[in-house]
Amino acid sequence: MIHAHDIRVRVTAIEEVAPRTKRFRLQAVDSSHLPQFAGGAHITVALGDDDGALRNPYTLSGSPQDRVGYEITVLRAADSRGGSAFLHEQVVLGQEVSISAPINLFPINALGRRHVLLAGGIGITPFMPITEQLIDLSQKFELHYAMRSDGAAPYETLLRSRLGHRLHVYRSDLRERINLESLLEGQPLGTHLYVCGPERLIDGAINAGKALGWPGENIHFERFAGPPPGDPFEVRLAKSSKAIAVGQHQTLLEALERAGVEPPSLCRGGACGQCEIPVIKADGELLHYDHFLSEEARSSGRSIMTCVSRFKGRELVLDF
Amino acid sequence: MPTIPPSLYKSRPVYPGLSWIAGARRHLITADGEGALAVLELLNSADQETRNRAILLYTPGGSKQLGHGAKLAPLLPGACHEFPSIETLLFRLNVELTRANMSTRLYATGTEGFMGQVIALAQGHGVNPLSVKTEHRGSLARRVQCVHCKGFMDGVTTSIVACSHCGISLFVRDHYSRRLGAFQGVIVNAEVAEEIPAAEELYP
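The shown structure was predicted, so the numbers you read here are calculated from the model rather than taken from an experiment. (Residues numbered from 1 in each chain as written. Chains lettered and ligands numbered in written order. Predicted model: local features only at pLDDT ≥ 70, side-chain atom pairs only at ≥ 80, totals over all residues.)

Residues and elements named next belong to chain B. Taken in spatial order, the five strands make up an open sheet running β3-β2-β1-β4-β5, and their pairing is parallel. Each having just a single partner strand, β3 (80–82) and β5 (133–136) make up the two edges of the open sheet. Strand-to-strand twist across the sheet, computed as the mean angle between neighbouring axes with direction ignored, equals 15°. As paired strands, strand β2 (residues 54–59) and β3 are joined by three bridges and run parallel to one another. Along β3, the bridge assignment pairs Y58 with E82. Those strands touched by helix α4 (residues 86–99) are β1 (26–32), β2 and β3, and its axis lies near 155° from that of β2. Its contacts with the sheet put helix α5 (residues 112–123) on β1, β4 (104–110) and β5, and the angle it makes with β4 is roughly 160°. (Pairing = 2+ DSSP bridges. Helix = DSSP H or I, 4+ residues; strand = E, 2+ residues; numbered from the N terminus. Axes fitted to C-alpha atoms, helices over the stretch in contact; angles between N-to-C directions. Contact = placed C-beta atoms within 7 Å.)

Written out as structure tokens, the structure reads:
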């Protein structure tokens, strides 16, 4: 499904920046400037031959100063539902794709007095523009970058020359581990922590912060787990009186978009809460995969986050 | 005890009440006037280890005759500091915040004007206002800034007040500035300056 506000772009460069990791440069088909973005922003990319039935979010990893092209850095996921596989194996130089305007759910806190950045593997992507921005703003920061082995994750060399002593690399093949408690302990008042990487890194950082009494307001994270596949199911929309089938590798949100209704959405990762739709009837089990709804809201079964969550059962009716 | 009525304004802070923050290595507690009673309840609910991590900055304000400070001092030996005014307390708080790290957490209780000034000062040190534990106690009196001359007035209890700096009659709005820790006072009748409605005692 192509959206009205989509931007048509052409792939103008593809480069392998680490094993199974490619950087794609995207420039507007009509050569116009692209909308400005700040570090931490992402775009969604319409993927697949099938009229963009899949839409995946990808963090912008290029320079915020670059108005001519966007860059995304994509790891070929082993359990890809088609997004990263399509980008890695099908997309060629010169190909046209549709993207959304940038959305930022992981911005730097402008009032912060010091910034501690924590990346695991491909989770480095938002910190590429963020570190550039922090240098421009003369802000105090440090970047801690965990990876499997030398060269296993992108941009280490570039970051070394850009950041010098502000970069700390941890290699798990050398049994180097980030000690989160000692990293966070004693950080001066006004410090903000930003984490992007695997779930266990994010959870570890949140728990270390809690154990040290850090306020939740100063801990920011971006989870990039893709929406899980599941059994196909059917959904009925009460207001628009439509019955829509959701495929195994398709999200509920994508199925709604494909059916021509325009449901709300923003992050496509179950984090922002924008795509919440009220549930009128659920004769079966709502499979909540988001990070937004509270335990109480989940068990009430009153709403569903369409970008990641699914349904298993006889009948699902949404108030939409 | 007067309680703050709900406001239509989103910018109006709410004060959910004091409770200990788990994990904090240092509890920096500030209070004025009747806020002492909230601190007393808080300290009585704590174990010795938690109390050992607490430091209190207190100014009695209008509650001086009640001697609350004397009740607090034995609970925090060596860590209970009393100040003659909000201004002197804030001077010390500024020093404490300069030395603080992320495991130091801030608490403020008492009048709204006092809490507002504590939060505004902490904001300058990079503290998010939402991460400060707060509880309103005592008078509803407001700290007001005249939007015309920018002068501040403490302890305003009426709907209309003459600015103590420039003399303009001000309507005390529900519009609150977190940066300044004060309500906005705007000329009450800009068309006919001599016609001033009667002031009501809204914030006793």
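All names here are of chain A. Among the six residues in strand β4 (residues 54–59), six count as buried, and that is most of the element. The two faces of β4 match: L54, N56 and Y58 on one face and R55, P57 and T59 on the other face are all buried. As judged from the six bridges shared by strand β3 (residues 41–47) and β4, these two strands associate in the antiparallel manner. Looking at the pairing, A46 lines up with R55 of β4. (Buried ≥ 20, exposed ≤ 12 C-beta atoms within 10 Å, placed from the backbone.)

A word on the environment of E71 of chain A. Residue and element names in this part refer to chain A. For E71, the position within the fold is in strand β5 (residues 69–75). In this structure the C-alpha to C-alpha distance between E71 and L201, which are 130 residues apart in sequence, comes to 25 Å. Not counting the four nearest positions on each side in its chain, E71 is found in contact with R23, F24, R25, L60, S61 and G62.

Residue and element names in this part refer to chain A. In the sheet, strand β9 (residues 141–147) pairs with strand β10 (residues 167–171) via five bridges, with the strands oriented parallel. Of the residues in β10, the one forming a bridge with L143 is L167. Following the chain from β9 across helix α3 (residues 156–163) to the adjacent parallel β10, one finds a crossover that is right-handed. (Right-handed = clockwise from strand over helix to strand, strands pointing away.)

On to the packing of α4 of chain B against α5 of chain B. All names here are of chain B. For the pair α4 and α5, interaxial distance at closest approach is 10 Å and the crossing angle is 30°. Judged by the angle between their axes, α4 and α5 are roughly parallel. The hand of the α4/α5 crossing is right-handed. Contact residues: I86, L90, L93, N94 and L97 in α4; F114, Q117, V118, L121 and A122 in α5. Across the contact of α4 with α5, the residue classes tally to eight nonpolar, two polar and no charged. (Parallel < 35°, antiparallel > 145°, perpendicular 65-115°, else oblique. Left-handed = near helix turned anticlockwise from the far one by under 90°. Nonpolar A, V, L, I, M, F, W, Y, C, P; charged D, E, K, R; others polar.)

Further remarks concern the domain arrangement of chain A. Residues and elements named next belong to chain A. Each assigned domain of chain A is listed with its residue range as follows: domain 1 (7–104), domain 2 (114–222) and domain 3 (233–318). Taking only C-alpha atoms into account, the centre of domain 1 sits 24 Å from that of domain 2. With 15 residues of domain 1 at the interface, the matching set in domain 2 holds 13 residues. Taken together, the elements giving at least two residues each to the side of domain 1 that touches domain 2 come down to β1 (7–18) and β5. Of the residues assigned to the side of domain 1 that touches domain 2, the class counts are seven nonpolar, eight polar and no charged. (Domains from an automatic or database assignment.)

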